[in-house]
Amino acid sequence: MDDDSGGRGLNQDGTIRREGSLSRVPAAFAPVVAAARSRITEAFDGTRLHSAYVYGSIPRGTAVPGVSDLDLLLVLRTRPTGADEAAARAVEAGLDADFEQIDGVGALLTSTDSVTSELERHDLGFFLACLCTPLLGEDLAGRLPRYRPTPLLARETNGDLVLALPRWRRRAAEAATDAERRSLCRGAARRIVRSGFTLVMPRWRGWTSDLAESAEVFARYYPGLPERIEQMRLAARVGRSPSADPAVLTTLIEDLAPWLAAEYLAVHGEKAPRP
């Protein structure tokens, strides 16, 4: 393993090091995380909630007040119901309204069976074990393997980018406000940059969730495509500070993303189909 493996997000044995820690949460966001823990506990009793996690820039220590969002993963003991979805949306809305430090809240819902299933081992399982920081309950990472930056991980995390294109196009066509366009821009840009990074991850032999670094790692392996490199850098910028400019959305959704989806399938193949 390279001497700089620690700088590439790896443990000494070459497995991907878990990113994020509650100890890295910036002081400005500590009240947000504390409130999230309390409100999740109130919304889901012990018979429903198995564990909760926070991920993204806040536990990585890179969050910017007024710009960054709060990302949560809630793992239930059984498959989420409509009532669970409603409770999660209420938690999201309450936190977003009460804390000006954050620009939006997203709470993903899943179940223990799904996280630990063979089908999700190299997607949702990897996400929890390596990208999520425990907030409440038993840490399911102990039931999951150690992960390496392999082609299998690349395929199972982002080998379905092509499926996102129709949804993004529909949202772009229906967007009526700048807020809706910025929301789409943020989500699409982040997904594109992460796909661009995992496309070359096995060759780079490391892991990063930093958008700017991800774009530069991509650039290292596609030096003959300067236009794609600049588009990826644009995606990294607007993934952090989203734009409402329709031209930016067109560049991402109609130009960069289709090329990237085709390249991804050619290099790594298609992600295993989900039910």
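Quick look at the structure, then. Since the structure is predicted, the reported quantities are computational estimates derived from the model, not experimental observations.

1. Some thoughts on the packing of aromatic side chains
Under the counting rule described, the total for this entry stands at 8 aromatic pairs. Where Tyr55 meets Phe127, the ring centres are 4.7 Å apart and the plane angle is 80°; that geometry is what we call edge-to-face. In this pair, Tyr55 is assigned in strand 1 (residues 49-55) and Phe127 in helix 5 (residues 124-131), connecting sequence segments 72 residues apart. A relative accessible area of 16% places Tyr55 in the buried class. Ring geometry for Tyr222 versus Trp259: centroids 5.7 Å apart, planes at 85°, classification edge-to-face. In this pair, Tyr222 is assigned in the loop between helix 9 (211-221) and helix 10 (226-240) and Trp259 in helix 11 (residues 246-268), connecting sequence segments 37 residues apart. The same class applies to Tyr222 and to Trp259, which are both buried.

2. Some details on the packing of helix 10 against helix 11
Packed helix pairs are specified by the crossing angle of their axes together with the interaxial distance, meaning the distance between the axes. Where helix 10 meets helix 11, the axes come as close as 11 Å, and the angle between the chain directions of the two elements is 125°. Viewed along their axes, helix 10 and helix 11 adopt a mutual orientation that is oblique. Taken as a pair, helix 10 and helix 11 cross one another with a handedness that is left-handed. Contact residues: Glu227, Arg228, Gln231, Met232, Leu234, Ala235 and Val238 in helix 10; Val248, Thr251, Leu252, Asp255, Leu256, Trp259 and Leu260 in helix 11.

3. So, the pairing of strand 2 (residues 70-76)
Burial within strand 2 is extensive, with 7 of its 7 residues counted as buried. Inspection of the sheet shows strand 1 paired to strand 2 by 6 bridges, in the antiparallel sense. Counterpart to Tyr55 in the pairing with strand 2 is Asp71. Relative to strand 3 (residues 105-111), strand 2 is paired through 7 bridges, and the arrangement is parallel. Each bridged residue has a counterpart across the sheet, and for Leu73 the counterpart in strand 3 is Leu108. Taken together, strand 2, helix 3 (residues 82-98) and strand 3 constitute a β-α-β crossover, and its handedness is right-handed.

4. A closer look at unusual backbone geometry
Although it is not a glycine, Arg205 adopts a positive phi angle of roughly 60°. Along the polypeptide, Arg205 turns up in the loop between helix 8 (178-204) and helix 9.

5. What to know about the environment of Leu184
Relative to the assigned elements, Leu184 resides in helix 8. Setting aside residues no more than four positions away along its own chain, Leu184 makes contact with Trp168, Arg171, Ala172, Leu249 and Ile253.

6. Things to note about the pattern of salt bridges
A side chain with one charge can pair with a side chain of the opposite charge if their charged atoms come near. Under the defined criterion, the tally for this structure stands at 22 salt bridges. Here Arg18 and Asp139 are joined by a salt bridge, their closest N and O atoms 2.6 Å apart. Here Arg18, found in the segment before helix 1 (30-43), pairs with Asp139, found in the loop between strand 4 (132-137) and helix 6 (151-158); they are 121 residues apart in sequence, far enough to count as distant. Residue Asp139 is classed as partly exposed on the basis of its relative accessible area, which comes to 27%.

7. Quick word on the side chain of Thr112
Of note, Thr112 is situated in helix 4 (residues 112-115). Excluding residues that lie within four positions of it along the chain, Thr112 makes contacts with His50, Val75, Leu76, Arg77 and Leu140.

8. Regarding the nonpolar core
Counting 59 residues, the largest nonpolar core has Leu73, Phe126, Leu128, Trp168, Ile192, Met232 and Leu252 as its most contacted members. Element by element, the count of residues in this core is highest for helix 8, at 11 residues. Contacts of Met232, omitting those with residues within four sequence positions, involve Ile192, Val193, Gly196, Ala215, Phe218, Leu256 and Leu260. Grouped together as the second largest cluster of nonpolar side chains are 27 residues, Ala36, Ala63, Ala88 and Ile102 included.

Scoring rules and cut-offs
- Residues numbered from 1 in each chain as written.
- Predicted model: local features only at pLDDT ≥ 70, side-chain atom pairs only at ≥ 80, totals over all residues.
- Heavy atoms only, no water.
- Phe/Tyr/Trp six-rings, centres within 6.5 Å; stacked < 30°, edge-to-face > 60°.
- Helix = DSSP H or I, 4+ residues; strand = E, 2+ residues; numbered from the N terminus.
- Buried < 20%, exposed > 50% of the residue type's maximum accessible area, 1.4 Å probe, protein only.
- Axes fitted to C-alpha atoms, helices over the stretch in contact; angles between N-to-C directions.
- Parallel < 35°, antiparallel > 145°, perpendicular 65-115°, else oblique.
- Left-handed = near helix turned anticlockwise from the far one by under 90°.
- Contact = heavy atoms within 4.5 Å.
- Pairing = 2+ DSSP bridges.
- Right-handed = clockwise from strand over helix to strand, strands pointing away.
- Salt bridge = Lys/Arg side-chain N within 4 Å of Asp/Glu carboxyl O.
- Core = buried A, V, L, I, M, F, W, Y, C linked by side-chain atoms within 4.5 Å.

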